[in-house]
Amino acid sequence: MLILVVNAGSSSLKYQVRDTSAPEAEQMLTSGLIENIGTDVPDHEVALHMMADKLKDVLHGRELQAIGHRVVQGAEKFTHPVLLNEQVIDEIDALSPLAPLHNPAHVKGMRAAFHTWPDLPQVAVFDTAFHSTMPEHAWRYAIPYDLADKYSIRRYGFHGTSHEYVSHVAADMLGIARDEFNGVVAHLGNGASVTAVKGGKSVDTSMGYTPLAGLVMGTRSGDIDPSALTTILTRDPEIDAERLDTILNKESGLLALAGSNDMRKVVESAQSGDERAQLALDMTAYRLMKYIGGYNLVVGGAQALIFTAGIGENSGDFRKLVLDRLAPLGIRYNEEENMKRSPEPRLISTEDSSIAVFVIPTNEEKAIAEATEELVRA
């Protein structure tokens, strides 16, 4: 099936065309990014038409058969991929208060895609869906029930499509059924999260009500005492809730600690003797180590630890910082294998390691295409 995968952002449109009937190495036919929507490009509909024109030169007369859309927030309403229609799009739009930076853009992209390809089946695949299996003791916050229910405040988790995809790959590499896999997945990019996977299902994850919670990230603070935030709000007259939200999401993390949200630059600075860069790495690795150790208990003993996404896949230096801290768990790894860079999934732990350690490149577009095909054919 020839499937267009769309990831619409507020000012950009990422896309990929995949042929799911082709051998895996040949499935991705083309990909692209249209930026500056709202300035150089008037709106998402114009961006979709620009993309359609580009696809004509690539597809050589072949017709798209379905479209899969990435959607960040499905909340409790959408726990599986869903076929789109106007009612469903309205319901996704209604969830925008839970993801104000993402869902409104996704909705614009979906409506524009329906205008451009009105006869194609279209599917929404949700980042939060994989985490819908978390038990209540993991997703509920210890705040009054009426407030939690009124504002839909709970742990949702994100990066679910990636966590699920690499978990499946790891299970296949271990030669076990996917629903028998117990492991810990570290999705480490500019945004980062860790997930505990038990019996192939998410049972806990580091991100929460929003993607701000959990790990130290490129520009996000990760976990912080809420009283620290109320202190800032009450004592600094120049900082209101909107400004504080910007600081925590866009001006914190590695950027605040080391002056850059690029892990490569932070590692280079630390190796050159920059004490703040080294502190940033130590804090980031320490926070991740604590989550991995805790989630090892949550899943009843992990069969595997998986590193994925930009930093997880490509920074052997950062993986080393984390893995060295995990030695008390009996984790052992091959330093030479750890420092290699490869587009292929690979095992970097040694035979005597208590837990297998994998580096598995994520492929959310492939996962979205497969989910789209499955639903459309059904």
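As annotated in an unreviewed UniProt entry, the protein carries the name Acetate kinase and is attributed to Rothia aeria F0474. Per UniProt, the protein carries the Sequence similarities (unreviewed entry) text "Belongs to the acetokinase family." Here is the UniProt Subcellular location (unreviewed entry) comment for the protein, exactly as written: "Cytoplasm".

## Quick notes on the UniProt feature "binding site: Mg(2+)" (unreviewed entry) in the protein
UniProt tags Asn7 and Glu364 as "binding site: Mg(2+)" (unreviewed entry). On the basis of their most widely separated C-alpha atoms, the annotated residues across 358 residues gather in one place, lying no more than 10.3 Å apart. For Asn7, the position within the fold is in strand β1 (residues 2-8). Aside from chain neighbours lying at most four places away, what touches Asn7 is Ser12, Leu13, Lys14, Arg70 and His106.

## A short note on the packing of aromatic side chains
Taken as a whole, this structure holds 3 aromatic pairs when the rule is applied. When the ring of Phe78 is compared with that of Phe126, the centres are 4.9 Å apart and the planes differ by 5°; the resulting orientation is stacked. One end of the pair, Phe78, is in the loop between β4 (66-71) and β5 (82-83); the other, Phe126, is in strand β6 (residues 122-126), and 48 residues separate them in sequence. With 6.3 Å between their ring centres and 35° between their planes, Tyr156 and Tyr209 make a pair best called tilted. Placement of Tyr156 in the loop between α5 (145-150) and α6 (160-174) and of Tyr209 in the loop between β9 (201-205) and α7 (226-235) is noted, with a sequence separation of 53 residues between them. On the basis of relative accessible area, Tyr209 is assigned to the partly exposed category, the value being 26%. The cationic tip of Arg154 hangs over the ring face of Trp139; the distance from NZ or CZ to the ring centre is 4.1 Å.

## A closer look at a nonpolar patch on the surface
On the surface, a nonpolar cluster with roughly 260 Å² of combined accessible area is contributed by Ile143, Leu147 and Tyr151. Its location among the elements puts Ile143 in the loop between α4 (136-139) and α5.

## Here's the deal with the domain arrangement of the protein
When the parts of a complex come together, some accessible area is lost, and that lost area is often taken as the interface size. What the domain assignment reports for the protein is domain 1 (1-125) and domain 2 (173-362). One C-alpha centre belongs to domain 1, the other to domain 2; they are set 29 Å apart.

## Observations regarding the packing of helix α1 (residues 44-59) against helix α3 (residues 103-116)
Between α1 and α3, the least distance of the axes is 8 Å, while the angle of their chain directions is 55°. Accordingly, the angle class assigned to the pair α1 and α3 is oblique. Seen along the crossing, α1 lies across α3 with a hand that is right-handed. In this structure, α1 contributes His44, Glu45, Leu48, His49 and Ala52 to the contact, and α3 contributes Ala105, Lys108, Gly109, Ala112, Ala113, His115 and Thr116. For the contact of α1 with α3, the per-class residue count stands at 5 nonpolar, 5 polar and 2 charged.

## Focus: the nonpolar core
In terms of nonpolar packing, the biggest core is built from 56 residues, with Ile92, Leu188, Leu288, Leu305, Phe318 and Leu323 touching the most fellow members. Considering every element that reaches this core, the biggest residue donor is helix α11 (residues 275-298), with 8 residues. Formed jointly, this core draws a minimum of three residues from each of two domains, domain 1 (1-125) and domain 2 (173-362). Not counting chain neighbours up to four residues away, the residues in contact with Ile92 comprise Val71, Phe78, Leu84, Asn103, Val107, Met110, Ala124 and Phe126.

## Side note on the sheet that holds β5
With mixed pairing, 6 strands are arranged side by side in an open sheet as β3-β2-β1-β4-β6-β5. Looking at strand neighbours, the two that pair on one side only are β3 (28-34) and β5, the edges of this open sheet. Examined bridge by bridge, β5 and β6 share 2 bridges and lie antiparallel to one another. What sits directly across from Leu83, in β6, is Val123. Running at roughly 170° to β4, α3 makes contact with β1, β4 and β6 of the sheet.

Each value, and the rule that gives it
Residues numbered from 1 in each chain as written. Predicted model: local features only at pLDDT ≥ 70, side-chain atom pairs only at ≥ 80, totals over all residues. Heavy atoms only, no water. UniProt positions renumbered as here; feature names shortened; annotations may be inferred. Helix = DSSP H or I, 4+ residues; strand = E, 2+ residues; numbered from the N terminus. Contact = heavy atoms within 4.5 Å. Phe/Tyr/Trp six-rings, centres within 6.5 Å; stacked < 30°, edge-to-face > 60°. Buried < 20%, exposed > 50% of the residue type's maximum accessible area, 1.4 Å probe, protein only. Lys NZ or Arg CZ within 6 Å of the ring centre and 35° of its normal. Patch = residues over 30% accessible without salt bridge, like charges linked within 9 Å, V, L, I, M, F, W, Y side chains within 5 Å. Areas by Shrake-Rupley, 256 points an atom, 1.4 Å probe, with all protein chains shown as cover. Salt bridge = Lys/Arg side-chain N within 4 Å of Asp/Glu carboxyl O. Domains from an automatic or database assignment. Axes fitted to C-alpha atoms, helices over the stretch in contact; angles between N-to-C directions. Parallel < 35°, antiparallel > 145°, perpendicular 65-115°, else oblique. Left-handed = near helix turned anticlockwise from the far one by under 90°. Nonpolar A, V, L, I, M, F, W, Y, C, P; charged D, E, K, R; others polar. Core = buried A, V, L, I, M, F, W, Y, C linked by side-chain atoms within 4.5 Å. Pairing = 2+ DSSP bridges.

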